[in-house]
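Structural overview for review
These are the residues of each chain, in order.
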Amino acid sequence: MSNRKLLMATALIFGGTLCLSVTPALAQDAEQDPPAATDEEEAADEDSTEVDEVVVTAARPDIITAADRMIYNVTNDVQAQTGSVADVLRNVPGVEVDLQGNVSLRGDGNVTILVDGRPSAMLRGASRADVLQAMSGSQIERVEVITNPSAAFSPEGSGGVINLVTKSTRPAVTSVGVRASWDGGERGNLSLSGSRTNNGLTLSGDIGLRHNVSDFESESVRLRPGATPATTITEESLSNGENTNTFGNARLGADYDLNERDRISGELSYRAIDVENDNIQIFERADGNGTVSDRYQRVQTGGFSNNNVGGRLSWRRKFEGDQHELAADFEIDSSESERDLDLISTTQVGGEPDFLQRTDNEQQRDAYGFKLDYTRPMGERRLLKIGYEGDLGQDSFDSFGARGADEASLAPVAALTNQFDYEEWIHAVYATYERPFGDLDVQAGLRIEQVDFTLDQITDSITVERDYLKAYPTLNFGYQLTDSQRLRGGYSRRISRPSPQDLNPYTVYIDPQNLRRGNPDLDPEITDSFELGWQMRQGQTFYSVTAFYRDSSGGVTDVSQDIGGGVVLTTRENLGESQRTGVEFIVNGKLGSKVTYNASGTVFRNDIYVPGIAGGIDRSGTSGTARASINWQPTETDFFQLNGFYVGEQIQAQSERGAFGMLNIGYRHKFTDTFSMVLTGTNILDTAEIDGFTETPDFQDRSRVKFMKPTWYIGLTYSFGSSPRRQEPAFDFGAPSIPQ
């Protein structure tokens with residue numbers, strides 16, 4: 001990003017015009033060629049005049065469209081300044097984040113989430129929801145939503161790709177920014193970022209810390225119907241507790257221009273999350289006459305931690321001609337996680353003895369990736385890209401559990417203790433070619449992947465080896481109807497691979513009423529995704545309507561069955577077939593000179609067919625989401641924001657999730673061009689709760705979970721430093737954050 005873009009983005013943060021003086025000494029440093037902006041950023045800029053005092057007006061649109069993605073600028077989202085990444089994503093069209101942090105895209109939960117175009121072990125598997133709720137939203141500059149990615153992307157994730165673009169890389173002579181927020185109690189955020197450019201070398205770094213404490217309440221009821229009241233069983237569980245999570249991150253990056261054609265880049269990053277959980281559960285079992293047979297209290301204390309270290313080294317060579325380049329990237333990502341729980345069970349009614357239970361689950365994941373891209377223009381508006389991508393993932397899982405009457409008598413429990421390793425190789429070659437046909441621009445692509453994996457269930461001495469070869473075609477196009485209207489469309493074939501835990505054949509103890517077992521014979525789910533959209537940008541107003549259709553086969557589905565003794569075993573099977581048909585709309589614009597707004601929504605119908613459960617399940621349901629934000633800037637120094645979202649009911653093969661929503665409010669005051677204050681209120685109507693319902697031939701489950709109460713933050717932002725004047729480089733090293 002150029003330094004002019006830095007000034008503009010900084011101005012956006014403060015919601016006004018940024019003025020700074022460039023001294024002669026700084027002007028001399030500015031003679032070095034900074035990297036240029038991406039095409040999207042360049043189109044959003046306004047020209048500036050090279051004088052001793054530079055005035056840049058924030059004019060970047062909130063929504064930018066590209067060939068295969070929608071780009072949402074979130075720097076002016078007040079909630080992002082004090083909230084989490086989950087809060088940021090809740091305001092992005094098409095993206096749904098439930099109150100537990102689980103992400104879906106247009107109703108599909110199989111979503112790949114990247115950070116600056118790269119995968120992270122922390123954003124995979126069960127830990128992702130915790131990380132998104134702990135990671136500070138103030139780190140994010142924009143969110144890229146890619147529902148039909150090109151063949152240059154991994155096809156993993158049937159719902160598509162969400163790329164979180166951070167504010168970390170800011171080429172400048174010297175630039176430093178500080179952000180802090182506090183709720184007056186136990187919640188707060190602190191981050192520091194900076195960069196330095198000199199003689200072709202750009203160093204940038206950031207460090208951040210976020211601490212959050214939240215209460216929760218949950219209740220569930222399991223009904224087992226019987227022929228008479230005496231044989232009908234009702235099991236009720238009530239829980240309340242507190243979650244405390246702390247998230248920290250640090251990053252150091254460097255870009256060095258060897259010459260006008262070659263650039264090398266490197267980056268080291270560290271992220272860590274620590275979650276502490278304390279709760280009390282009351283369980284009661286009774287028959288239809290109200291006679292209680294079992295009642296116990298369980299006090300649970302435990303937590304989850306994850307430490308992630310990543311590194312990247314890349315080289316890019318620019319050849320003669322626009323967009324002609326060769327790039328090589330090598331990445332390594334290592335993550336250690338641990339989840340532990342101490343449980344003390346005290347029986348009040350019934351014959352179950354009191355006991356102490358201790359569990360510990362550890363996972364080590366090491367991932368290595370290499371990517372080689374070659375891009376070559378083939379004529380006017382014609383571009384060929386070919387590449388290879390190789391990924392190796394190595395996972396090690398070690399679970400241990402013990403139970404006894406007290407600490408001294410703890411003994412291992414087989415259902416809580418197992419160990420297995422998982423290794424997966426993915427080799428991919430791909431090619432995309434884009435060219436115009438008059439006003440029609442077409443990009444076609446093909447990706448071929450060979451996957452080999454080995455699962456070693458050490459405890460049961462079971463080894464599973466499998467491999468498969470699959471092809472993933474893609475097609476994206478755009479047609480310019482008029483100067484202000486455009487059609488966009490696309491097709492892609494996507495895949496959702498089972499997780500290592502889904503494949504693990506060991507039966508795992510969850511609680512006295514629930515067991516879970518994986519299935520090593522699972523195949524990946526395949527999804528064919530189609531969409532067609534219309535867009536219009538008229539003055540400062542943007543409209544978009546997109547129709548989409550997704551056809552999935554081989555879906556991995558939970559199958560729950562009563563195995564007797566009041567215990568339910570849940571397994572995973574390739575039974576699901578589903579079709580999702582819907583429409584998404586977006587409206588973004590201004591009302592007068594002081595009010596801006598954006599609104600979006602999605603309505604879709606989900607058809608699910610599962611032939612292998614209860615003689616066949618055939619279900620259909622219509623759901624939708626709606627979100628809106630209105631911003632009012634009465635003066636150059638004051639900015640008010642009100643936003644909210646609503647997510648409708650959604651169905652699964654054997655379950656339903658109830659509707660939920662939240663309303664948030666924010667205010668920002670700029671004291672100076674470099675110092676501002678933010679006040680925010682989250683969930684101000686206290687509506688953060690989710691209801692769930694599951695029905696099988698043997699039982700029915702109903703649940704309700706109530707999350708955070710209304711939360712209020714005060715935040716401060718301060719930045720200082722200077723930026724050089726714009727100098728056009730001999731070669732443009734700027735590129736989109738992830739491949740087009």
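Structure's up top.
Described in the following lines is the structure provided in the data block. Every value quoted in this text rests on a predicted model; they were computed, and no experiment measured them. (Residues numbered from 1 in each chain as written. Predicted model: local features only at pLDDT ≥ 70, side-chain atom pairs only at ≥ 80, totals over all residues. Heavy atoms only, no water.)

Comments concerning the pairing of strand 22 (residues 462-480)
Pairing between strand 21 (residues 440-457) and strand 22: 18 bridges, direction antiparallel. Looking across to strand 22, one finds that glutamine 457 is bridged to isoleucine 462. In this structure, strand 22 lies alongside strand 23 (residues 485-496), joined through seven bridges in antiparallel fashion. Note that in strand 23 the partner of glutamine 480 across the bridge is arginine 486. The turn joining strand 22 and strand 23, which pair antiparallel and follow one another in sequence, is formed by four residues. (Pairing = 2+ DSSP bridges. Helix = DSSP H or I, 4+ residues; strand = E, 2+ residues; numbered from the N terminus.)

Side note on the sheet that holds strand 3 (residues 63-65)
Here five strands make up an open sheet; going across it, the order is 3-4-8-9-7 and the pairing mixed. Either end of the sheet is taken by a strand with one partner, and the two such strands are strand 3 and strand 7 (111-115). Each neighbouring strand pair of the sheet contributes to a mean axis angle of 20°, computed without reference to strand direction. As paired elements, strand 4 (residues 70-73) and strand 8 (residues 140-146) share four bridges and run antiparallel to each other. Within strand 8, the residue paired with asparagine 73 across the bridge is arginine 142. (Axes fitted to C-alpha atoms, helices over the stretch in contact; angles between N-to-C directions.)

A closer look at the pattern of salt bridges
The full count for this structure, using the stated rule, is 43 salt bridges. The residue arginine 263 makes a salt bridge to aspartate 257 at a minimum N-O spacing of 2.8 Å. Taking relative accessible area as the criterion, arginine 263 reaches 12% and is therefore assigned buried. For aspartate 257, a relative accessible area of 18% puts it in the buried group. Ionic pairing is found between glutamate 325 and lysine 318, a salt bridge with its closest N-O pair at 3.3 Å. This pair shows no difference in class: glutamate 325 is buried, exactly as lysine 318 is. Each of Glu156, Glu389, Arg447, Glu449 and Arg497 takes part in one network of salt bridges that share partners. (Salt bridge = Lys/Arg side-chain N within 4 Å of Asp/Glu carboxyl O. Buried < 20%, exposed > 50% of the residue type's maximum accessible area, 1.4 Å probe, protein only.)

Some points on a negative patch on the surface
Taken together, the side chains of Glu186, Asp215, Glu217, Glu242, Asp274, Glu276 and Asp278 define an acidic patch exposed on the protein surface. Of all the secondary structure elements, the ones that give two or more residues to the negative patch are strand 12 (201-224) and strand 14 (262-287). The element contributing the most residues to the negative patch is strand 14, with three residues. Relative to the assigned elements, aspartate 274 resides in strand 14. (Patch = residues over 30% accessible without salt bridge, like charges linked within 9 Å, V, L, I, M, F, W, Y side chains within 5 Å. Areas by Shrake-Rupley, 256 points an atom, 1.4 Å probe, with all protein chains shown as cover. Lys, Arg positive; Asp, Glu negative; His and termini not counted. Charge placed at Lys NZ, Arg CZ, Asp CG, Glu CD.)

What to know about the environment of isoleucine 63
With respect to the helices and strands, isoleucine 63 occurs in strand 3. On a C-alpha basis, the gap between isoleucine 63 and isoleucine 586 in space is 9.7 Å, while along the polypeptide they are 523 residues apart.

Thoughts on empty space enclosed by the protein
Unoccupied space between atoms shows up once a probe the size of one water molecule is rolled over them. Across all of its chains, the model carries nine cavities of 30 Å³ or more by this definition. There is about 180 Å³ of room inside the largest cavity. Residue lining of the largest cavity: 20 residues in total, with Met70, Arg106, Thr147, Arg488 and Glu531 positioned closest to the centre. Listing elements by their share of the lining of the largest cavity, those giving two or more residues are strand 4, strand 22, strand 23, strand 26 (525-538), strand 27 (541-564) and strand 28 (567-591). (1 Å grid on protein atoms, 1.4 Å probe; cavity = no way out; pocket = protein on both sides within 12 Å on 5 of 7 lines; lining within 4 Å. Points joined across faces, edges and corners; volume = space filled by probe spheres on them.)

Details of the packing of aromatic side chains
Enumeration according to the criterion identifies 10 aromatic pairs in this entry. With 4.9 Å between their ring centres and 40° between their planes, tyrosine 491 and phenylalanine 530 make a pair best called tilted. Taken as a pair, tyrosine 491 in strand 23 and phenylalanine 530 in strand 26 lie far apart in primary sequence, 39 residues in all. Ring centres of tryptophan 632 and phenylalanine 640 lie 5.3 Å apart, and the angle between their planes is 25°; this geometry places the pair in the stacked category. Ring pairs connect the aromatic residues Tyr491, Phe530 and Tyr549, which therefore count as one cluster. Just above the ring of phenylalanine 699 sits the side chain of arginine 222; from NZ or CZ to the centre is 4.9 Å. A cation sits over an aromatic face here: arginine 435 above phenylalanine 437, 4.2 Å from the ring centre. (Phe/Tyr/Trp six-rings, centres within 6.5 Å; stacked < 30°, edge-to-face > 60°. Lys NZ or Arg CZ within 6 Å of the ring centre and 35° of its normal.)

Things to note about the side chain of aspartate 528
Tracing the chain through its elements places aspartate 528 in strand 26. The buried category is assigned to aspartate 528, whose relative accessible area is 16%. Polar contacts involving the side chain of aspartate 528 include one to the side chain of tyrosine 491, which spans 2.7 Å. A polar contact is formed between the side chain of aspartate 528 and the side chain of arginine 493, at a distance of 2.8 Å. Those residues in contact with aspartate 528 that sit more than four places away from it in its chain are Tyr491, Ser492, Arg493, Tyr549, Arg550 and Asp551. (Polar contact = N/O pair within 3.5 Å; in protein donor to acceptor, adjacent residues only side chain to side chain. Contact = heavy atoms within 4.5 Å.)

Some details on the side chain of serine 496
Mapped onto the secondary structure, serine 496 falls in strand 23. Side-chain polar atoms of serine 496 contact the side chain of asparagine 110, separated by 3.4 Å. Those residues in contact with serine 496 that sit more than four places away from it in its chain are Asn110, Glu156, Gly157, Ser158, Pro524 and Glu525.

Digging into unusual backbone geometry
Phi angles above zero are rare outside glycine, and aspartate 116 is one such case at about 55°. With respect to the helices, strands and loops of the structure, aspartate 116 is situated in the loop between strand 7 and helix 6 (128-134). Notably, glutamine 323 is not glycine yet its phi reads approximately 65°, a positive angle. With respect to the element layout, glutamine 323 can be found in the loop between strand 15 (292-318) and strand 16 (325-349). On the accessibility criterion, glutamine 323 (39% relative accessible area) is partly exposed.

Comments concerning the pairing of strand 14
Bridge count between strand 13 (residues 233-257) and strand 14: 25 bridges; the pairing is antiparallel. Its bridge partner being in strand 14, aspartate 257 is matched across the sheet by arginine 263. Joining the antiparallel neighbours strand 13 and strand 14 is a turn of four residues. One ladder, built from 25 bridges, connects strand 14 with strand 15; its direction is antiparallel. When the bridges of strand 15 are listed, glutamate 284 appears paired with arginine 295. Here strand 14 hands over to strand 15 after four residues, with glycine 290 in that stretch at a positive phi of 90°.

Just geometry here; none of it tells us what the structure is for.
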